[in-house]
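Listed here are the chains, written in short residue letters.
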Amino acid sequence: LLTLMASLHAWRGGSLPEGREELYDQSVELLLDVWERPKVVHDRQGRPVLQTESAAEWFNAPQSEVRKALEEIAFEAHQGQQGQTGAADIPEERLVAALLRVAGSGLHYAQLLDFIRDRAGLIINRGERVYSFPHRTFQEYLAARHLTVTGFPAKLVELVRADPERWREALLLAGAKVARGTPFAAWSLIGKLCPEPCAPSVITAASDNDYALAMLAGRLLVETRIGLAATLDADDRRKLDNVRAWLAALVAGGHLPPADRAAAGVALAKLGDPRKGVGPRGDGLPDIDWVTVEPGPFVMGANEATWDEAKETPQFKCHLIRQAYRLSLYPVTVAQYQAFVEGGGYREARYWTKAGWQCRRSQKAERPADYDEVYQTPNHPRVGVSWYEAVAFCGWLSERLGFAVSLPTEAQWERAARHTDGRTYPWGEAEDVSVRASVLETGIGSTSAVGMFPQGKAECGALDMAGNVWEWCRTKRT
(Lines give C-alpha, C1' and ligand atoms only; values in the text may rest on other atoms or scores of the structure.)
Protein backbone atom coordinates (compact mmCIF):
# COMPACT_ATOMS: atom_id res chain seq x y z
CA LEU A 1 0.00 0.00 0.00
CA LEU A 2 2.84 2.38 0.80
CA THR A 3 4.42 1.70 -2.59
CA LEU A 4 1.09 2.29 -4.27
CA MET A 5 0.58 5.60 -2.44
CA ALA A 6 4.04 6.72 -3.53
CA SER A 7 3.27 5.72 -7.12
CA LEU A 8 -0.06 7.52 -7.02
CA HIS A 9 1.64 10.61 -5.59
CA ALA A 10 4.03 10.64 -8.56
CA TRP A 11 1.29 9.76 -11.08
CA ARG A 12 -0.73 12.80 -9.91
CA GLY A 13 2.26 15.11 -10.14
CA GLY A 14 3.04 15.41 -6.43
CA SER A 15 -0.29 15.28 -4.59
CA LEU A 16 -2.80 12.85 -3.10
CA PRO A 17 -6.59 13.13 -2.81
CA GLU A 18 -7.88 14.28 0.58
CA GLY A 19 -10.87 11.92 0.82
CA ARG A 20 -10.45 8.21 1.51
CA GLU A 21 -12.93 7.12 -1.17
CA GLU A 22 -11.31 9.33 -3.79
CA LEU A 23 -7.91 7.95 -2.80
CA TYR A 24 -9.11 4.40 -3.49
CA ASP A 25 -10.84 5.49 -6.69
CA GLN A 26 -7.66 6.94 -8.13
CA SER A 27 -5.57 4.03 -6.83
CA VAL A 28 -7.83 1.63 -8.72
CA GLU A 29 -7.53 3.79 -11.80
CA LEU A 30 -3.74 3.70 -11.52
CA LEU A 31 -3.67 -0.09 -11.03
CA LEU A 32 -5.94 -0.58 -14.03
CA ASP A 33 -3.74 1.73 -16.05
CA VAL A 34 -0.67 -0.32 -15.10
CA TRP A 35 -2.55 -3.56 -15.79
CA GLU A 36 -3.68 -2.43 -19.22
CA ARG A 37 -0.42 -0.96 -20.51
CA PRO A 38 1.67 -2.90 -23.03
CA LYS A 39 4.32 -4.88 -21.14
CA VAL A 40 7.78 -3.93 -22.34
CA VAL A 41 11.06 -5.56 -21.33
CA HIS A 42 14.63 -4.72 -22.36
CA ASP A 43 17.06 -7.04 -24.06
CA ARG A 44 20.75 -7.35 -23.18
CA GLN A 45 21.57 -4.34 -25.30
CA GLY A 46 18.99 -2.27 -23.44
CA ARG A 47 16.58 -2.11 -26.37
CA PRO A 48 12.84 -2.15 -25.51
CA VAL A 49 11.03 -5.28 -26.60
CA LEU A 50 7.24 -5.64 -26.53
CA GLN A 51 6.43 -8.74 -24.49
CA THR A 52 2.65 -8.40 -24.23
CA GLU A 53 0.19 -6.11 -25.98
CA SER A 54 -1.97 -3.76 -23.94
CA ALA A 55 -5.06 -5.09 -22.22
CA ALA A 56 -7.17 -2.69 -24.26
CA GLU A 57 -6.07 -4.54 -27.38
CA TRP A 58 -6.77 -7.91 -25.80
CA PHE A 59 -10.12 -7.04 -24.29
CA ASN A 60 -11.31 -4.74 -27.06
CA ALA A 61 -13.66 -3.27 -24.43
CA PRO A 62 -13.84 0.06 -22.55
CA GLN A 63 -11.99 0.19 -19.21
CA SER A 64 -15.29 1.05 -17.52
CA GLU A 65 -16.71 -2.34 -18.54
CA VAL A 66 -13.65 -4.18 -17.24
CA ARG A 67 -13.97 -2.24 -14.00
CA LYS A 68 -17.65 -3.17 -13.62
CA ALA A 69 -16.75 -6.84 -14.02
CA LEU A 70 -14.10 -6.54 -11.31
CA GLU A 71 -16.56 -4.72 -9.04
CA GLU A 72 -19.03 -7.60 -9.36
CA ILE A 73 -16.27 -10.12 -8.64
CA ALA A 74 -15.20 -8.11 -5.58
CA PHE A 75 -18.75 -8.02 -4.24
CA GLU A 76 -19.21 -11.77 -4.62
CA ALA A 77 -15.80 -12.46 -3.08
CA HIS A 78 -16.46 -10.18 -0.11
CA GLN A 79 -19.94 -11.60 0.45
CA GLY A 80 -18.71 -15.18 0.41
CA GLN A 81 -15.50 -14.72 2.39
CA GLN A 82 -15.42 -16.73 5.61
CA GLY A 83 -12.88 -14.70 7.58
CA GLN A 84 -12.84 -11.00 8.35
CA THR A 85 -9.20 -10.35 7.46
CA GLY A 86 -7.22 -10.34 4.24
CA ALA A 87 -8.49 -10.44 0.67
CA ALA A 88 -10.69 -13.32 -0.43
CA ASP A 89 -9.54 -16.08 -2.78
CA ILE A 90 -11.07 -15.81 -6.26
CA PRO A 91 -11.27 -19.03 -8.28
CA GLU A 92 -9.62 -18.80 -11.67
CA GLU A 93 -12.71 -19.90 -13.58
CA ARG A 94 -14.89 -17.21 -11.95
CA LEU A 95 -12.40 -14.45 -12.74
CA VAL A 96 -11.83 -15.45 -16.34
CA ALA A 97 -15.54 -16.01 -17.03
CA ALA A 98 -16.40 -12.50 -15.80
CA LEU A 99 -13.70 -10.87 -17.90
CA LEU A 100 -14.55 -12.90 -21.00
CA ARG A 101 -18.12 -11.58 -20.81
CA VAL A 102 -16.93 -8.03 -21.38
CA ALA A 103 -14.12 -8.88 -23.85
CA GLY A 104 -14.53 -8.54 -27.56
CA SER A 105 -14.73 -11.54 -29.83
CA GLY A 106 -11.63 -13.57 -30.52
CA LEU A 107 -10.21 -13.64 -26.98
CA HIS A 108 -9.95 -17.16 -25.61
CA TYR A 109 -9.77 -18.54 -22.05
CA ALA A 110 -6.10 -19.53 -22.33
CA GLN A 111 -5.07 -16.19 -23.81
CA LEU A 112 -6.79 -14.24 -21.04
CA LEU A 113 -5.32 -16.49 -18.37
CA ASP A 114 -1.81 -15.98 -19.72
CA PHE A 115 -2.36 -12.24 -19.74
CA ILE A 116 -3.54 -12.14 -16.10
CA ARG A 117 -0.67 -14.33 -14.91
CA ASP A 118 1.91 -12.13 -16.61
CA ARG A 119 0.65 -8.83 -15.24
CA ALA A 120 0.81 -7.01 -11.92
CA GLY A 121 -2.05 -4.71 -11.04
CA LEU A 122 -5.51 -4.94 -9.60
CA ILE A 123 -5.59 -8.76 -9.73
CA ILE A 124 -2.68 -10.88 -8.50
CA ASN A 125 -1.98 -14.59 -8.70
CA ARG A 126 -1.99 -16.23 -5.23
CA GLY A 127 -1.17 -19.74 -6.35
CA GLU A 128 -2.48 -22.56 -8.47
CA ARG A 129 -5.77 -21.38 -10.04
CA VAL A 130 -6.36 -18.84 -7.25
CA TYR A 131 -6.33 -15.04 -7.52
CA SER A 132 -7.20 -12.10 -5.30
CA PHE A 133 -7.15 -8.35 -5.02
CA PRO A 134 -3.84 -6.99 -3.70
CA HIS A 135 -5.38 -5.83 -0.41
CA ARG A 136 -8.70 -6.26 1.36
CA THR A 137 -9.41 -2.54 1.17
CA PHE A 138 -9.54 -2.71 -2.64
CA GLN A 139 -11.94 -5.63 -2.42
CA GLU A 140 -14.14 -3.57 -0.08
CA TYR A 141 -13.94 -0.48 -2.25
CA LEU A 142 -14.87 -2.30 -5.48
CA ALA A 143 -17.68 -4.13 -3.66
CA ALA A 144 -18.90 -0.72 -2.45
CA ARG A 145 -18.94 0.63 -6.01
CA HIS A 146 -20.96 -2.39 -7.13
CA LEU A 147 -23.50 -1.69 -4.39
CA THR A 148 -23.93 1.96 -5.42
CA VAL A 149 -25.54 0.78 -8.68
CA THR A 150 -27.23 -2.40 -7.47
CA GLY A 151 -30.23 -1.81 -5.24
CA PHE A 152 -28.77 1.25 -3.52
CA PRO A 153 -29.34 2.02 -0.69
CA ALA A 154 -31.76 -0.70 0.49
CA LYS A 155 -29.54 -3.69 -0.37
CA LEU A 156 -26.47 -2.09 1.20
CA VAL A 157 -28.30 -1.36 4.45
CA GLU A 158 -29.73 -4.88 4.51
CA LEU A 159 -26.21 -6.34 4.26
CA VAL A 160 -24.83 -4.06 6.96
CA ARG A 161 -27.69 -4.78 9.33
CA ALA A 162 -27.11 -8.52 8.96
CA ASP A 163 -23.31 -8.32 9.35
CA PRO A 164 -21.98 -4.89 10.43
CA GLU A 165 -18.36 -5.99 10.80
CA ARG A 166 -18.16 -7.35 7.26
CA TRP A 167 -19.85 -4.45 5.48
CA ARG A 168 -19.02 -1.34 7.52
CA GLU A 169 -16.11 -0.21 5.33
CA ALA A 170 -18.06 -0.93 2.15
CA LEU A 171 -20.92 1.19 3.45
CA LEU A 172 -18.67 4.13 4.34
CA LEU A 173 -16.94 3.97 0.96
CA ALA A 174 -20.21 3.61 -0.94
CA GLY A 175 -21.70 6.54 0.96
CA ALA A 176 -18.64 8.68 0.23
CA LYS A 177 -18.82 7.70 -3.45
CA VAL A 178 -22.40 8.86 -3.91
CA ALA A 179 -21.93 11.93 -1.69
CA ARG A 180 -19.13 13.16 -3.95
CA GLY A 181 -21.51 13.45 -6.90
CA THR A 182 -25.07 13.31 -5.58
CA PRO A 183 -25.39 14.32 -1.90
CA PHE A 184 -29.15 13.62 -1.90
CA ALA A 185 -28.34 9.92 -2.48
CA ALA A 186 -26.11 9.95 0.60
CA TRP A 187 -28.93 11.53 2.63
CA SER A 188 -31.19 8.75 1.35
CA LEU A 189 -28.71 6.24 2.77
CA ILE A 190 -28.67 8.12 6.11
CA GLY A 191 -32.46 7.89 6.24
CA LYS A 192 -32.30 4.13 5.73
CA LEU A 193 -29.65 3.68 8.43
CA CYS A 194 -31.70 5.54 11.06
CA PRO A 195 -35.33 5.25 9.91
CA GLU A 196 -36.95 5.28 13.36
CA PRO A 197 -37.13 8.42 15.52
CA CYS A 198 -35.08 8.08 18.70
CA ALA A 199 -38.09 7.76 21.00
CA PRO A 200 -37.84 6.01 24.41
CA SER A 201 -39.94 3.07 23.24
CA VAL A 202 -37.72 2.59 20.18
CA ILE A 203 -34.52 2.84 22.24
CA THR A 204 -35.80 0.24 24.70
CA ALA A 205 -36.26 -2.27 21.88
CA ALA A 206 -33.09 -1.32 19.96
CA SER A 207 -30.48 -3.99 19.20
CA ASP A 208 -26.71 -3.67 18.88
CA ASN A 209 -27.15 -3.73 15.11
CA ASP A 210 -29.46 -0.70 15.34
CA TYR A 211 -26.74 1.15 17.22
CA ALA A 212 -24.08 -0.06 14.77
CA LEU A 213 -26.07 1.46 11.92
CA ALA A 214 -26.45 4.71 13.85
CA MET A 215 -22.69 4.80 14.46
CA LEU A 216 -22.05 4.33 10.74
CA ALA A 217 -24.59 7.03 9.88
CA GLY A 218 -22.74 9.43 12.17
CA ARG A 219 -19.35 8.59 10.70
CA LEU A 220 -20.73 8.97 7.18
CA LEU A 221 -22.17 12.40 7.96
CA VAL A 222 -18.78 13.54 9.25
CA GLU A 223 -16.50 11.87 6.69
CA THR A 224 -18.50 13.16 3.72
CA ARG A 225 -19.06 16.50 5.52
CA ILE A 226 -22.69 16.59 4.39
CA GLY A 227 -23.74 16.67 8.05
CA LEU A 228 -21.51 19.70 8.68
CA ALA A 229 -23.07 21.91 6.00
CA ALA A 230 -24.11 25.38 7.15
CA THR A 231 -27.55 25.12 5.56
CA LEU A 232 -29.77 22.05 5.22
CA ASP A 233 -33.34 21.64 4.08
CA ALA A 234 -35.97 20.58 6.59
CA ASP A 235 -35.88 16.89 5.63
CA ASP A 236 -32.09 16.62 5.87
CA ARG A 237 -32.12 18.56 9.15
CA ARG A 238 -34.64 16.08 10.56
CA LYS A 239 -32.40 13.16 9.53
CA LEU A 240 -29.36 14.84 11.08
CA ASP A 241 -31.17 15.47 14.37
CA ASN A 242 -32.33 11.87 14.42
CA VAL A 243 -28.78 10.56 13.96
CA ARG A 244 -27.51 12.87 16.71
CA ALA A 245 -30.18 11.58 19.08
CA TRP A 246 -29.27 7.97 18.27
CA LEU A 247 -25.56 8.66 18.79
CA ALA A 248 -26.27 10.33 22.14
CA ALA A 249 -28.30 7.29 23.24
CA LEU A 250 -25.51 4.99 22.04
CA VAL A 251 -22.79 6.85 23.95
CA ALA A 252 -24.74 7.48 27.14
CA GLY A 253 -26.18 3.95 27.18
CA GLY A 254 -22.81 2.22 26.89
CA HIS A 255 -23.75 0.28 23.74
CA LEU A 256 -21.30 -1.41 21.31
CA PRO A 257 -17.65 -2.21 22.10
CA PRO A 258 -15.66 0.70 23.60
CA ALA A 259 -13.68 1.48 20.42
CA ASP A 260 -16.87 1.74 18.33
CA ARG A 261 -18.54 3.79 21.06
CA ALA A 262 -15.54 6.12 21.11
CA ALA A 263 -15.82 6.57 17.32
CA ALA A 264 -19.51 7.34 17.75
CA GLY A 265 -18.60 9.88 20.43
CA VAL A 266 -16.19 11.67 18.08
CA ALA A 267 -18.83 11.80 15.35
CA LEU A 268 -21.38 13.09 17.85
CA ALA A 269 -19.00 15.85 18.95
CA LYS A 270 -18.52 17.05 15.38
CA LEU A 271 -22.24 16.95 14.63
CA GLY A 272 -23.09 18.64 17.94
CA ASP A 273 -23.45 16.68 21.19
CA PRO A 274 -26.92 17.52 22.60
CA ARG A 275 -26.43 15.92 26.03
CA LYS A 276 -26.91 18.13 29.08
CA GLY A 277 -23.69 18.92 30.92
CA VAL A 278 -21.39 18.32 27.95
CA GLY A 279 -21.14 21.56 26.00
CA PRO A 280 -21.92 25.25 26.43
CA ARG A 281 -25.32 26.72 27.31
CA GLY A 282 -27.26 28.97 24.99
CA ASP A 283 -25.49 32.01 26.47
CA GLY A 284 -22.07 30.47 25.78
CA LEU A 285 -21.25 29.58 29.40
CA PRO A 286 -20.35 25.99 30.32
CA ASP A 287 -23.47 23.88 30.82
CA ILE A 288 -22.44 22.13 34.03
CA ASP A 289 -24.80 19.37 35.17
CA TRP A 290 -24.43 19.08 38.96
CA VAL A 291 -24.89 16.04 41.19
CA THR A 292 -25.28 16.32 44.96
CA VAL A 293 -23.02 14.55 47.44
CA GLU A 294 -24.70 14.13 50.80
CA PRO A 295 -23.02 14.99 54.15
CA GLY A 296 -21.97 12.36 56.67
CA PRO A 297 -19.00 10.25 57.78
CA PHE A 298 -16.82 8.25 55.39
CA VAL A 299 -13.56 6.32 55.38
CA MET A 300 -10.63 7.77 53.47
CA GLY A 301 -7.69 5.68 52.32
CA ALA A 302 -9.19 2.31 53.28
CA ASN A 303 -10.54 -0.61 51.28
CA GLU A 304 -13.07 -2.90 53.00
CA ALA A 305 -13.24 -0.97 56.29
CA THR A 306 -16.42 0.29 57.89
CA TRP A 307 -16.59 3.61 59.71
CA ASP A 308 -16.58 1.90 63.11
CA GLU A 309 -13.57 -0.24 62.20
CA ALA A 310 -11.68 2.75 60.78
CA LYS A 311 -12.14 4.76 63.99
CA GLU A 312 -10.10 2.14 65.83
CA THR A 313 -7.40 1.82 63.14
CA PRO A 314 -4.84 4.67 63.08
CA GLN A 315 -3.72 4.28 59.44
CA PHE A 316 -7.25 4.93 58.20
CA LYS A 317 -8.52 8.51 57.97
CA CYS A 318 -12.03 9.07 59.30
CA HIS A 319 -13.68 12.13 57.82
CA LEU A 320 -16.98 13.80 58.37
CA ILE A 321 -18.51 15.80 55.53
CA ARG A 322 -20.65 18.32 57.41
CA GLN A 323 -22.37 19.94 54.49
CA ALA A 324 -23.74 18.67 51.20
CA TYR A 325 -21.90 19.87 48.11
CA ARG A 326 -22.32 19.59 44.37
CA LEU A 327 -19.95 18.02 41.86
CA SER A 328 -20.07 18.20 38.07
CA LEU A 329 -21.57 15.10 36.48
CA TYR A 330 -18.67 14.93 34.00
CA PRO A 331 -15.10 16.23 33.90
CA VAL A 332 -14.88 19.68 32.28
CA THR A 333 -14.96 19.18 28.51
CA VAL A 334 -12.94 20.78 25.74
CA ALA A 335 -15.99 22.79 24.63
CA GLN A 336 -16.66 24.04 28.17
CA TYR A 337 -13.06 25.07 28.81
CA GLN A 338 -12.96 26.84 25.45
CA ALA A 339 -15.62 29.24 26.78
CA PHE A 340 -13.08 30.29 29.43
CA VAL A 341 -10.39 30.82 26.77
CA GLU A 342 -12.68 32.83 24.50
CA GLY A 343 -14.16 34.70 27.47
CA GLY A 344 -10.84 36.35 28.29
CA GLY A 345 -9.80 34.02 31.09
CA TYR A 346 -6.13 34.15 30.08
CA ARG A 347 -6.13 37.97 29.99
CA GLU A 348 -7.50 38.72 33.49
CA ALA A 349 -5.19 38.33 36.50
CA ARG A 350 -8.08 38.34 38.98
CA TYR A 351 -8.99 34.73 38.14
CA TRP A 352 -5.49 33.43 38.87
CA THR A 353 -3.39 32.89 41.96
CA LYS A 354 -0.34 35.17 42.15
CA ALA A 355 2.02 32.30 41.31
CA GLY A 356 -0.29 31.10 38.57
CA TRP A 357 -0.41 34.50 36.87
CA GLN A 358 3.38 34.77 37.01
CA CYS A 359 3.65 31.30 35.50
CA ARG A 360 1.19 32.15 32.72
CA ARG A 361 3.04 35.34 31.86
CA SER A 362 6.47 33.70 31.89
CA GLN A 363 5.23 30.99 29.53
CA LYS A 364 3.18 33.46 27.45
CA ALA A 365 0.31 31.00 27.62
CA GLU A 366 -2.90 32.02 25.85
CA ARG A 367 -4.57 28.59 26.05
CA PRO A 368 -3.85 25.15 27.47
CA ALA A 369 -1.37 22.78 25.86
CA ASP A 370 -2.76 20.90 22.86
CA TYR A 371 -1.89 17.31 21.99
CA ASP A 372 -3.06 15.20 19.03
CA GLU A 373 -6.26 16.31 17.32
CA VAL A 374 -8.47 13.72 19.03
CA TYR A 375 -7.70 15.32 22.41
CA GLN A 376 -9.32 18.54 21.16
CA THR A 377 -12.66 16.80 20.45
CA PRO A 378 -15.34 19.07 21.99
CA ASN A 379 -17.05 16.42 24.13
CA HIS A 380 -13.80 14.92 25.48
CA PRO A 381 -12.35 16.01 28.84
CA ARG A 382 -9.99 18.96 28.52
CA VAL A 383 -6.36 17.87 28.96
CA GLY A 384 -3.12 19.86 28.98
CA VAL A 385 -4.40 22.06 31.84
CA SER A 386 -2.13 22.90 34.77
CA TRP A 387 -3.36 23.25 38.34
CA TYR A 388 -3.09 27.04 37.99
CA GLU A 389 -5.26 26.99 34.86
CA ALA A 390 -7.86 24.77 36.54
CA VAL A 391 -8.08 27.17 39.50
CA ALA A 392 -8.38 30.16 37.16
CA PHE A 393 -11.19 28.44 35.24
CA CYS A 394 -13.08 27.97 38.52
CA GLY A 395 -12.57 31.64 39.41
CA TRP A 396 -13.88 32.75 36.03
CA LEU A 397 -16.86 30.39 36.23
CA SER A 398 -17.71 31.59 39.75
CA GLU A 399 -17.90 35.17 38.50
CA ARG A 400 -20.04 34.21 35.51
CA LEU A 401 -22.48 31.96 37.42
CA GLY A 402 -22.76 34.15 40.50
CA PHE A 403 -21.85 31.49 43.06
CA ALA A 404 -18.61 29.91 44.26
CA VAL A 405 -17.13 27.16 42.10
CA SER A 406 -13.86 25.47 43.02
CA LEU A 407 -11.86 22.31 42.59
CA PRO A 408 -12.87 19.66 45.13
CA THR A 409 -10.68 19.02 48.13
CA GLU A 410 -9.02 15.64 48.28
CA ALA A 411 -11.59 14.53 50.86
CA GLN A 412 -14.51 15.78 48.75
CA TRP A 413 -13.23 14.01 45.67
CA GLU A 414 -12.64 10.74 47.51
CA ARG A 415 -16.02 10.88 49.23
CA ALA A 416 -17.71 11.28 45.84
CA ALA A 417 -15.61 8.57 44.17
CA ARG A 418 -15.57 5.97 46.97
CA HIS A 419 -18.90 6.64 48.69
CA THR A 420 -19.03 5.93 52.45
CA ASP A 421 -17.70 2.37 52.34
CA GLY A 422 -14.14 2.98 51.10
CA ARG A 423 -14.81 1.00 47.94
CA THR A 424 -11.96 0.19 45.57
CA TYR A 425 -13.64 1.71 42.50
CA PRO A 426 -16.38 4.30 42.07
CA TRP A 427 -18.79 1.52 41.03
CA GLY A 428 -17.83 -0.88 43.84
CA GLU A 429 -15.53 -3.90 43.82
CA ALA A 430 -16.11 -5.36 40.33
CA GLU A 431 -12.74 -5.98 38.66
CA ASP A 432 -13.89 -5.78 35.02
CA VAL A 433 -12.54 -2.24 34.74
CA SER A 434 -12.33 -2.08 30.92
CA VAL A 435 -16.14 -2.18 30.57
CA ARG A 436 -16.57 0.53 33.23
CA ALA A 437 -13.85 3.08 32.48
CA SER A 438 -11.76 4.45 29.61
CA VAL A 439 -8.48 2.68 30.35
CA LEU A 440 -5.65 1.20 28.28
CA GLU A 441 -7.33 -2.19 27.91
CA THR A 442 -10.27 -0.74 25.93
CA GLY A 443 -8.03 -0.17 22.92
CA ILE A 444 -9.30 3.39 22.46
CA GLY A 445 -5.82 4.87 22.82
CA SER A 446 -6.86 8.41 23.78
CA THR A 447 -9.43 10.28 25.81
CA SER A 448 -13.03 9.56 24.84
CA ALA A 449 -16.39 11.29 25.04
CA VAL A 450 -17.38 11.96 28.64
CA GLY A 451 -20.06 9.73 30.12
CA MET A 452 -19.65 6.83 27.72
CA PHE A 453 -19.09 4.28 30.51
CA PRO A 454 -22.38 4.34 32.43
CA GLN A 455 -21.46 1.10 34.21
CA GLY A 456 -18.68 3.04 35.92
CA LYS A 457 -21.01 5.55 37.58
CA ALA A 458 -20.20 6.46 41.17
CA GLU A 459 -22.84 6.11 43.89
CA CYS A 460 -23.36 9.90 43.88
CA GLY A 461 -24.10 9.78 40.13
CA ALA A 462 -20.83 11.28 38.83
CA LEU A 463 -19.24 9.67 35.77
CA ASP A 464 -15.63 9.27 34.63
CA MET A 465 -14.25 9.39 38.18
CA ALA A 466 -11.99 6.53 37.10
CA GLY A 467 -10.24 6.44 33.73
CA ASN A 468 -10.33 8.85 30.79
CA VAL A 469 -8.43 11.72 32.42
CA TRP A 470 -6.53 12.68 35.59
CA GLU A 471 -8.21 15.34 37.70
CA TRP A 472 -6.96 18.17 39.87
CA CYS A 473 -7.97 18.65 43.53
CA ARG A 474 -7.81 21.80 45.63
CA THR A 475 -4.49 21.35 47.40
CA LYS A 476 -2.32 23.93 49.12
CA ARG A 477 -0.29 25.98 46.64
CA THR A 478 1.40 29.36 46.84
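Small disclaimer: the values here were computed from a predicted structure and weren't measured. (Residues numbered from 1 in each chain as written. Predicted model: local features only at pLDDT ≥ 70, side-chain atom pairs only at ≥ 80, totals over all residues. Heavy atoms only, no water.)

S.K.: Please explain the overall build of the protein chain as it appears in this structure.
M.R.: Secondary structure summary: the protein chain contains 19 helices and 9 strands in total. The buried share of the protein chain, reckoned over its 478 residues, is 48%. Restricting the contact set of the protein chain to residue pairs at least 6 apart, pairs at least 24 apart contribute 67%. Total accessible area on the protein chain stands at roughly 23300 Å², and carbon and sulfur atoms take up 51% of it. (Helix = DSSP H or I, 4+ residues; strand = E, 2+ residues; numbered from the N terminus. Buried < 20%, exposed > 50% of the residue type's maximum accessible area, 1.4 Å probe, protein only. Contact = heavy atoms within 4.5 Å. Areas by Shrake-Rupley, 256 points an atom, 1.4 Å probe, with all protein chains shown as cover.)

S.K.: Explain the environment of Ala 335 here, please?
M.R.: Here Ala 335 shows up in helix H16 (residues 334–342). When the C-alpha positions of Ala 335 and Pro 286 are compared, they lie 7.9 Å apart, and in sequence the two are 49 residues distant. Not counting residues up to four positions away in its chain, the partners in contact with Ala 335 are Gly 279, Pro 280 and Pro 378.

S.K.: Looking at this model, I keep getting lost on the sheet that holds strand E4 (residues 124–127). Mind explaining?
M.R.: Think of a sheet as strands paired side by side through backbone hydrogen bonds, with each pair either parallel or antiparallel. One open sheet holds the 3 strands; their spatial order is E3-E5-E4, and the pairing between them is antiparallel. With partners counted over all chains shown, the strands left at the sheet margins are strand E3 (90–91) and E4, one partner each. By the bridge criterion, 2 bridges tie E3 to strand E5 (residues 130–132) in an arrangement that is antiparallel. Counted as the bridge partner of Ile 90 is Tyr 131 from E5. (Pairing = 2+ DSSP bridges.)

S.K.: Whenever I open this one, the nonpolar core confuses me. Can you help?
M.R.: Within soluble globular proteins, side chains that are nonpolar generally end up buried alongside one another. The biggest cluster of nonpolar side chains holds 84 residues, and the ones touching the most others in it are Leu 70, Leu 95 and Leu 122. The biggest single contributor to this core is helix H12 (residues 208–223), with 10 residues. (Core = buried A, V, L, I, M, F, W, Y, C linked by side-chain atoms within 4.5 Å.)

S.K.: Help me understand the pattern of salt bridges, please; the structure alone is not making it clear to me.
M.R.: Proximity of charged atoms lets side chains of opposite charge pair with each other. Across all of its chains, the model carries 36 salt bridges by this definition. Across the pair Glu 72 and Arg 101 runs a salt bridge, and its minimum N-O distance is 3.5 Å. Remark: Arg 101 occurs in helix H5 (residues 92–102) and Glu 72 occurs in helix H4 (residues 63–80); sequence separation between them is 29 residues. In this structure Glu 72 comes out as partly exposed when scored by relative accessible area, which is 26%. Note that Arg 161 is salt-bridged to Asp 210, the shortest N-O span being 2.7 Å. Of the two residues, Arg 161 sits in helix H8 (residues 154–162) while Asp 210 sits in helix H12, which places them 49 residues apart along the sequence. The exposure class assigned to Arg 161 is partly exposed, which follows from its relative accessible area of 31%. (Salt bridge = Lys/Arg side-chain N within 4 Å of Asp/Glu carboxyl O.)

S.K.: I keep staring at the pairing of strand E6 (residues 290–293) and nothing clicks. Help me out?
M.R.: Along any regular strand, the residues point their side chains to alternate faces of the sheet. On E6, burial follows the alternation: Val 291 and Val 293 on one face are buried, whereas Trp 290 and Thr 292 on the facing-out side are not. Relative to strand E9 (residues 325–328), E6 is paired through 4 bridges, and the arrangement is antiparallel. Looking across to E9, one finds that Thr 292 is bridged to Arg 326.

S.K.: In this structure, what is going on with helix H19 (residues 410–418)? I would like to understand it.
M.R.: Note that an α-helix has 3.6 residues per turn; residues three or four places apart therefore point the same way. Where burial is concerned, most of H19 is hidden: 7 out of the 9 residues are buried. Among the residues making up H19, those that are buried are Ala 411, Gln 412, Glu 414, Arg 415, Ala 416, Ala 417 and Arg 418. His 419 sits one or two residues past H19 and shows a positive phi near 60°.

S.K.: Could you clarify how one ought to interpret the packing of aromatic side chains in this entry?
M.R.: Within a pair of aromatic rings, the relevant descriptors are the distance that separates the centres and the angle that separates the planes. On inspection of all chains with the given rule, the structure shows 16 aromatic pairs. Consider the rings of Tyr 337 and Phe 393, whose centres lie 5.5 Å apart with planes at 20°: the pair is stacked. A residue pair is termed long-range when its members are at least 10 positions apart, and Tyr 337 in helix H16 and Phe 393 in helix H18 (residues 387–401) qualify at 56 residues. By relative accessible area, Tyr 337 is classed as buried at 3%. Here Phe 393 falls in the buried class, since its relative accessible area comes to 4%. Residues Trp 387 and Tyr 388 carry aromatic rings whose centres are separated by 5.7 Å and whose planes lie at 75° to one another, so their mutual orientation is edge-to-face. Comparing Trp 387 with Tyr 388, the two get one shared label, buried. Three or more aromatic residues joined by ring pairs make a cluster, and in this case those are Tyr 337, Phe 340, Tyr 346, Trp 352, Trp 357, Phe 393 and Trp 396. Sitting over the ring of Tyr 330, Arg 275 keeps its end group 5.8 Å from the ring centre. (Phe/Tyr/Trp six-rings, centres within 6.5 Å; stacked < 30°, edge-to-face > 60°. Lys NZ or Arg CZ within 6 Å of the ring centre and 35° of its normal.)

Interpretation note: all reported values are geometric properties and have no functional meaning in isolation.
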